[in-house]
Amino acid sequence: MKRDRIATGVTGVDKVFGGFPRGATTIFSGWPGVGKSTLLAQSAVAFAKQRLHVAWASGECQHDEVVAQMARVGVTENDSKYLHIFGGIDVGDVEVLTRYAEKVKAVLLVVDSLQTVLVPGNTAQIRGAASTLSRFAQKTGTIVLAIAHLTKSGELQCPSIAFRFDAVAYLERWWGM
């Protein structure tokens, strides 16, 4: 089955992914500070500039912090009406955030991060939330982009979640030149 792709307008993202297919789920992972949240914020703002609704669910930052992050990557007042920020969500609220995304008719749902919408360290719950997000994306056609942190050994906290998503992007900082 061929799915419509939506280009973000973020050159690097579109070059690698060719846009995101509706109903697709992608994990973005990498070491702290590599730019996962910034890259997804740029993508979210690019969707908003196309007048596509975006739900941003953050368990890592409060609403005001997410708004400031969006401002740093170029959101304008006009774009902001398409950005629906759900900041400081409670642990275990994956069902709440999917209902929120559905309510605002989000084309894109960003989850920053998977570990904060779950009980930290509870791998069964992480797998369950990943499955819920995948089913939600397939049912609604919403694109789901989620950040997943790494363990100290450089692996996904719960490697089996990779099988519940369509793609996993591992970001690394390039120190060349």
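What comes next concerns the included structure. Being a predicted model, the structure only gives us computed values, none of them experimental.

### A closer look at the pattern of salt bridges
Here is step 1: Tallied over the full model, the rule gives 2 salt bridges.
Here is step 2: A salt bridge links Lys-49 to Asp-79; its shortest N-O distance comes to 2.6 Å. Of the two residues, Lys-49 is situated in helix 2 (residues 36-49) and Asp-79 in helix 4 (residues 77-80); the sequence distance between them amounts to 30 residues.
Here is step 3: By relative accessible area, Asp-79 is classed as buried at 7%.
Here is step 4: Residue Glu-102 is joined to Lys-139 by a salt bridge in which the shortest nitrogen-to-oxygen separation is 3.8 Å. One end of the pair, Glu-102, is in helix 5 (residues 94-103); the other, Lys-139, is in helix 6 (residues 123-140), with 37 residues separating them in the sequence.
Here is step 5: Residue class for Lys-139 comes out exposed when judged on its relative accessible area of 63%.

### Description of the nonpolar core
Here is step 1: Counting residues in hydrophobic clusters, the biggest one holds 30 residues, and the most contacted among them are Phe-47, Trp-56, Met-70, Leu-83 and Leu-108.
Here is step 2: Of all the elements in the fold, those that place two or more residues in this core are helix 2, strand 4 (54-58), helix 3 (63-72), strand 5 (83-87), strand 6 (108-112), strand 7 (143-148) and strand 8 (167-171).
Here is step 3: Element by element, the count of residues in this core is highest for helix 2, at 7 residues.
Here is step 4: If we ignore the near neighbours within four places in the chain, the residues touching Met-70 are Ala-41, Ala-44, Val-45, Trp-56, Val-75, Leu-83 and Ile-85.
Here is step 5: Counting 24 residues, the second largest nonpolar core, distinct from the first, contains Leu-97, Ala-101, Leu-133 and Leu-150.

### Overview of the sheet that holds strand 5
Here is step 1: If you walk across this open sheet you meet the 6 strands as 5-4-6-7-3-8, and the pairing is parallel. Each edge of the open sheet carries a strand with a single partner, namely strand 5 and strand 8. Across the sheet, the mean angle separating the axes of adjacent strands is 15 degrees when strand polarity is ignored.
Here is step 2: Sheet topology places strand 6 next to strand 7; 5 bridges connect them, and they run parallel. Within strand 7, the residue paired with Leu-108 across the bridge is Ile-143.
Here is step 3: In this fold helix 5 packs onto strand 4, strand 5 and strand 6, with an angle of close to 165 degrees to the strand it touches most, strand 5.

### Remarks on helix 2
Here is step 1: Between its terminal C-alpha atoms helix 2 stretches 20 Å, which fits the 20 Å expected from 14 residues at 1.5 Å a residue.
Here is step 2: Residues of helix 2 that are buried: Lys-36, Leu-40, Ala-41, Ser-43, Ala-44, Val-45, Ala-46, Phe-47 and Ala-48.
Here is step 3: Following helix 2 by one or two positions, Arg-51 has its phi on the positive side, about 60 degrees.

### A look at the pairing of strand 4
Here is step 1: Of all 5 residues making up strand 4, 5 are buried, and the element is well covered by its neighbours.
Here is step 2: The pairing of strand 4 with strand 5 spans 5 bridges and is classified as parallel. Paired with Ser-58 across the bridge in strand 5 is Gly-87.
Here is step 3: Two strands pair when backbone bridges link them, and strand 4 and strand 6 are joined in this way by 5 bridges, in the parallel orientation. Counted as the bridge partner of Ala-55 is Leu-109 from strand 6.

### Concerning helix 3
Here is step 1: Within helix 3, burial applies to Val-66, Gln-69 and Met-70. Buried residues in helix 3, looked at end-on, bunch into an arc of 100 degrees, giving them a common side. Counted as exposed and oriented over 90 degrees from the buried face of helix 3: Asp-64 and Arg-72.
Here is step 2: Contacts from the buried residues of helix 3 go to helix 2, strand 4 and strand 5.
Here is step 3: Gly-74 occupies a position one or two residues after helix 3 and carries a positive phi of about 105 degrees.

About the criteria used
Residues numbered from 1 in each chain as written. Predicted model: local features only at pLDDT ≥ 70, side-chain atom pairs only at ≥ 80, totals over all residues. Heavy atoms only, no water. Salt bridge = Lys/Arg side-chain N within 4 Å of Asp/Glu carboxyl O. Helix = DSSP H or I, 4+ residues; strand = E, 2+ residues; numbered from the N terminus. Buried < 20%, exposed > 50% of the residue type's maximum accessible area, 1.4 Å probe, protein only. Core = buried A, V, L, I, M, F, W, Y, C linked by side-chain atoms within 4.5 Å. Contact = heavy atoms within 4.5 Å. Pairing = 2+ DSSP bridges. Axes fitted to C-alpha atoms, helices over the stretch in contact; angles between N-to-C directions. Expected span 1.5 Å × (residues − 1). Arc of directions from axis to C-beta.

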